[in-house]
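Now for the letters of each chain:
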Amino acid sequence: MKKFEELEVVAQTLGDGGPFSPNTEYETVEELVDALVELGNTDKVFARHDDHLGLKSELPDDFLRSPLNDIDKPRFESAIEAVIDQANIIIPLSERQLTEEDLEEIQEDKLYRGEDIDD
């Protein structure tokens, strides 16, 4: 899979007719980050990666409120990079086919977190 380099491409992959939230258009960076974190919280991803949990709280509020089509790229360079880095991990993990080993790891992770795996 190709690496993401722009937030707009991440947004298209996640929502604009993509496989995750078809026909969803993200107006602000916050909407995009929320969708990315939500995808990261799925069992398929979370069992292998949880670094996204603090992502939103680490991003500046004015960056989160920025419209996706009008971001001050030089000013928010490190914030943009943080979101893209997470997208480059979360999206490929969510697209992979699960093996028996993956399913076992997901069950172990749920048990470790105290979840009832029968729910």
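Description of the structure in this document.

Okay, the side chain of Ser 66 next. Relative to the helices and strands, Ser 66 resides in the loop between helix H5 (61–64) and helix H6 (77–95). Excluding residues that lie within four positions of it along the chain, Ser 66 makes contacts with Glu 27, Thr 28, Val 29, Ile 71 and Phe 76.

Attention shifts here to the packing of helix H1 (residues 7–14) against helix H2 (residues 29–40). Relative to each other, H1 and H2 sit at 55 degrees, their axes nearing to 10 Å. As far as their axial angle goes, H2 and H1 are oblique. Of the two elements, H1 crosses H2, and the hand of that crossing is left-handed. Between H1 and H2, the contacting residues are Leu 7, Val 10, Ala 11 and Leu 14 on the first element and Val 29, Leu 32, Ala 35, Leu 36 and Leu 39 on the second. In terms of residue class, the contact of H1 with H2 is made up of 9 nonpolar, no polar and no charged.

Within this model, the largest pocket holds a volume of roughly 210 Å³. For the largest pocket, the lining is made up of 10 residues, of which Glu 25, Tyr 26, Glu 27, Leu 68 and Asn 69 are closest to its centre. Tallied by class, the residues present in the lining of the largest pocket amount to 4 nonpolar, 2 polar and 4 charged.

This next bit is on the packing of aromatic side chains. Under the counting rule described, the total for this entry stands at 1 aromatic pair. When the ring of Phe 63 is compared with that of Phe 76, the centres are 5.2 Å apart and the planes differ by 50 degrees; the resulting orientation is tilted. Residue Phe 63 is located in helix H5, and its partner Phe 76 is located in the loop between H5 and H6; the two are separated by 13 residues in the primary sequence. Taken individually, Phe 63 and Phe 76 each receive the classification buried, so the pair is uniform in this respect.

Quick notes on the rules
Counting restarts for each chain, with residues numbered from 1 along the sequence as it is written. Local features in a predicted model are, by the rule used here, given only for residues with pLDDT of at least 70; side-chain atom pairs are given and counted only at 80 or more, and totals for whole chains, interfaces and linings are based on all residues. Only hydrogens and water are removed before side-chain values are computed, so all heavy atoms of the structure are retained for them. For the purposes of this entry, the term helix denotes a DSSP run of H or I that reaches at least four residues, the term strand denotes a run of E that reaches at least two, and both are numbered from the N terminus. A contact between two residues is defined here by any heavy atoms of the two lying within 4.5 Å. Under this scheme, a helix contributes an axis fitted over its contacting stretch, all axes are lines through C-alpha atoms, and angles between N-to-C directions fall in the 0 to 180 degree range. Roughly parallel means an angle under 35 degrees; roughly antiparallel means over 145; roughly perpendicular covers 65 to 115; every other angle is labelled oblique. Left-handed describes a crossing in which the near helix is turned anticlockwise from the far one by less than a right angle; the clockwise case is right-handed. Asp, Glu, Lys and Arg are counted as charged, while Ala, Val, Leu, Ile, Met, Phe, Trp, Tyr, Cys and Pro are counted as nonpolar; the rest, among them Gly, fall into the polar class. Cavity means a closed set of points on a 1 Å grid over the protein atoms alone, one where a 1.4 Å probe fits but cannot get out, pocket means an open set with protein on both sides within 12 Å along at least 5 of 7 lines, and lining means a residue has an atom within 4 Å of a point. Grid points are joined across faces, edges and corners, and a volume is the space filled by probe spheres set on the points. Any Phe, Tyr or Trp ring, taking Trp's six-membered ring, that has another such ring centre within 6.5 Å forms a pair; planes under 30 degrees apart are called stacked, those over 60 apart edge-to-face, and the others tilted. Each residue gets one of three labels from its accessible area relative to the maximum for its type: buried under 20%, exposed over 50%, partly exposed in between, using a 1.4 Å probe on protein chains only.

Any functional reading would require information beyond the geometric quantities listed.
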